[in-house]
Amino acid sequence: MAKTVLVLGGAGYIGAHAAKALAGRGDLPVVLDNLSSGRRDFVRWGPLVEADIRDGAAFDAVFKTYRPDAVMHFAASIEVGIGERKPIEFWNNNVAGSLSVLSAMQRNRCRSIVFSSTCAVYGTPSLLPLRENHPRRPINTYGQTKLAVECALEDAARGGIIDFAALRYFNASGASPDGDIGEEHEPETHLIPNALKAAAGIGGPMQVFGTDYATRDGSCVRDFIHVDDLAAGHLLALDRLSETGESFACNLGTGRGVTVLEVLDAVEAVVGRPVPRKLSGRRPGDAPELYADVGFARDHLGFRPRSSAIGQVVQDAWRYHAPRFTPVAA
Ligand code: UDP
């Protein structure tokens, strides 16, 4: 049965890919976004309600008009460095905002929520690969706010008010192969877009943060998951939630670690040009290695990443960025 899904933050990078995937299988994504960082032109697969998640009246109107079966909640402040400088803003947007979402769901008797959590809830790993039962000890404000929301979800589920899936993303990357939606942040801090920019000759050399880690080439290791695979994971989580009514937390990654320098090799291979780089010191707050144990996602959701080989991730990201990097890029 086709569902109507309220997609909070659906004008952003990951939310837009999830909205596209929902529409692709016949569901209706209704996007609610305040467009503070999301883009109007990323909302193409259903209606856009321009509102803030802290606006209870706007929620009530949306629930009344569309009667959504479930909520997917992507709306959040996400840039780790900014969170360190503006913690109150992060707590307000991410935690107070999510409490407003849960109150609206309770008032309007909507039970199912798929929540965008993060591997940042684990903090520095004491054991790899990271399993869902690894202690949650975030080391930055961003991770703290996501953990706080996970705790609120757990309490609300125990209270019989909602059922939730907390999806802990590893490194979301890549873009829709159609080239219509992709990753753009202002300012851009993420590795792959920065490496593509540098390869295209824009803005000078990129910085490589740390080459003295105890990893195979000295640079950090991350688990890059294609945004289309992430989107597919949301659909699987939603289906499991509606079938079982059982709440759960689940990693979404590939289970494979790739180093920063290996990513730069992949960028050079795709773009066909060197990535000008400056080897800099470590970035505060970076864990040396993060990669997921994907056993739960595989066994309980049937999750199988299809597009997350690093070459394909970079290829799809390049297809999105290349025409936007005018006039330097080919
Ligand atoms: N990184 C880098 N240069 C950049 C951006 C990121 O060396 O311009 C490194 C960063 O230190 C980390 C990895 O790339 O080890 C992934 O960083 P990103 O910000 O993309 O994602 P995060 O893992 O912080 O969520």
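### Focus: the sheet that holds strand 4 (residues 70–73)
Strand pairing in a sheet takes place through backbone hydrogen bonds and is either antiparallel or parallel in direction. Ordered by their spatial adjacency, 7 strands build an open sheet running 3-2-1-4-5-6-11, and the pairing between neighbours is parallel. Two strands close off the open sheet at either side, each with one partner strand: strand 3 (48–50) and strand 11 (248–252). The average angle at which neighbouring strand axes cross in this sheet is 20°, direction not considered. Note that strand 1 (residues 4–8) and strand 4 share 4 bridges and pair parallel. Counted as the bridge partner of Val7 is Met72 from strand 4. On the sheet, helix 4 (residues 87–107) packs against strand 1, strand 4 and strand 5 (112–118) and is oriented at approximately 170° with respect to strand 5. The strands that helix 5 (residues 141–158) touches are strand 5 and strand 6 (163–169); relative to strand 5, the one it contacts most, it runs at about 155°.

### Considering the pairing of strand 11
Regular strands have side chains that alternate between both faces of the sheet. Among the 5 residues that make up strand 11, 4 are buried, leaving the element largely enclosed by the rest of the structure. Note that strand 6 and strand 11 share 5 bridges and pair parallel. Bridged to Tyr169 within strand 11 is Leu252.

### What to know about the packing of helix 1 (residues 13–24) against helix 7 (residues 227–244)
At a minimum axis separation of 9 Å, helix 1 and helix 7 run at an interaxial angle of 60°. By the angle between their directions, the pair helix 1 and helix 7 is classed as oblique. Taken as a pair, helix 1 and helix 7 cross one another with a handedness that is right-handed. Facing Tyr13, Ile14, His17, Ala18, Ala21 and Leu22 of helix 1, the residues of helix 7 in contact are Val227, Asp228, Leu230, Ala231, Leu235 and Leu238. Tallied by class, the residues present in the contact of helix 1 with helix 7 amount to 10 nonpolar, 1 polar and 1 charged.

### A short note on the nonpolar core
Of all hydrophobic cores here, the largest spans 31 residues; its most connected members are Ile14, Met72, Val114, Leu167 and Phe248. Secondary-structure elements contributing two or more residues to this core are strand 1, helix 1, strand 4, strand 6, helix 7, strand 11 and helix 9 (295–301). Counting residues per element, this core draws most heavily on helix 7, at 6 residues.

### Description of helix 5
Compared with the 26 Å implied by 1.5 Å per residue over 18 residues, the 26 Å span of helix 5 between its first and last C-alpha is a close match. The set of residues buried in helix 5 consists of Thr141, Tyr142, Gly143, Thr145, Lys146, Leu147, Val149, Glu150, Leu153 and Ala156. Tucked into the core, helix 5 has its buried residues touching helix 3 (80–85), helix 4, strand 5 and strand 6.

### Quick look at the packing of aromatic side chains
Two aromatic rings, taken as a pair, are described by how far apart their centres are and by the angle between their planes. Counted by the stated rule, this structure contains 3 aromatic pairs. For the cation-ring pair, Arg282 lies above Tyr213, with the distance from its terminal atom to the ring centre recorded as 4.0 Å. The aromatic ring of Tyr320 is capped on one face by Arg324, whose charged end is 3.7 Å from the ring centroid.

### Details of the site of the ligand
Among the 14 residues in the neighbourhood of the ligand, the closest are listed as Leu191, Gln207, Arg222, Arg283 and Asp286. Within the backbone of Phe209, an N or O atom sits 2.9 Å from an oxygen atom of the ligand. Separating an oxygen atom of the ligand from a side-chain N or O atom of Asp286 is a distance of 2.5 Å. Compared with its free state, where it exposes 520 Å², the ligand has 86% of that area covered by protein. Top element by residues in the shell around the ligand is strand 8 (residues 206–209). It accounts for 4 residues. Its residues assigned to classes, the shell around the ligand comprises 6 nonpolar, 5 polar and 3 charged.

### What about the side chain of Ser77?
Along the polypeptide, Ser77 turns up in the loop between strand 4 and helix 3. For Ser77, a relative accessible area of 13% gives the class buried. A polar side-chain atom of Ser77 sits 2.8 Å from a polar atom in the side chain of Asn93. Excluding residues that lie within four positions of it along the chain, Ser77 makes contacts with Phe90, Asn93, Asn94 and Tyr142.

### Describing the environment of Ser117
The topology assignment puts Ser117 in strand 5. Taking the C-alpha atoms as reference points, Ser117 and Pro193, separated by 76 residues in sequence, lie 22 Å from one another. Excluding residues within four positions of it along the chain, Ser117 makes contact with Lys146, Glu150, Ala166, Leu167, Arg168 and Tyr169. Looking at Ser117, its side chain comes within polar contact range of the side chain of Glu150, at 2.6 Å.

Thresholds applied
- Residues numbered from 1 in each chain as written.
- Predicted model: local features only at pLDDT ≥ 70, side-chain atom pairs only at ≥ 80, totals over all residues.
- Heavy atoms only, no water.
- Pairing = 2+ DSSP bridges.
- Helix = DSSP H or I, 4+ residues; strand = E, 2+ residues; numbered from the N terminus.
- Axes fitted to C-alpha atoms, helices over the stretch in contact; angles between N-to-C directions.
- Contact = heavy atoms within 4.5 Å.
- Buried < 20%, exposed > 50% of the residue type's maximum accessible area, 1.4 Å probe, protein only.
- Parallel < 35°, antiparallel > 145°, perpendicular 65-115°, else oblique.
- Left-handed = near helix turned anticlockwise from the far one by under 90°.
- Nonpolar A, V, L, I, M, F, W, Y, C, P; charged D, E, K, R; others polar.
- Core = buried A, V, L, I, M, F, W, Y, C linked by side-chain atoms within 4.5 Å.
- Expected span 1.5 Å × (residues − 1).
- Phe/Tyr/Trp six-rings, centres within 6.5 Å; stacked < 30°, edge-to-face > 60°.
- Lys NZ or Arg CZ within 6 Å of the ring centre and 35° of its normal.
- Near = heavy atom within 4 Å.
- Polar contact = N/O pair within 3.5 Å; in protein donor to acceptor, adjacent residues only side chain to side chain.
- Areas by Shrake-Rupley, 256 points an atom, 1.4 Å probe, with all protein chains shown as cover.

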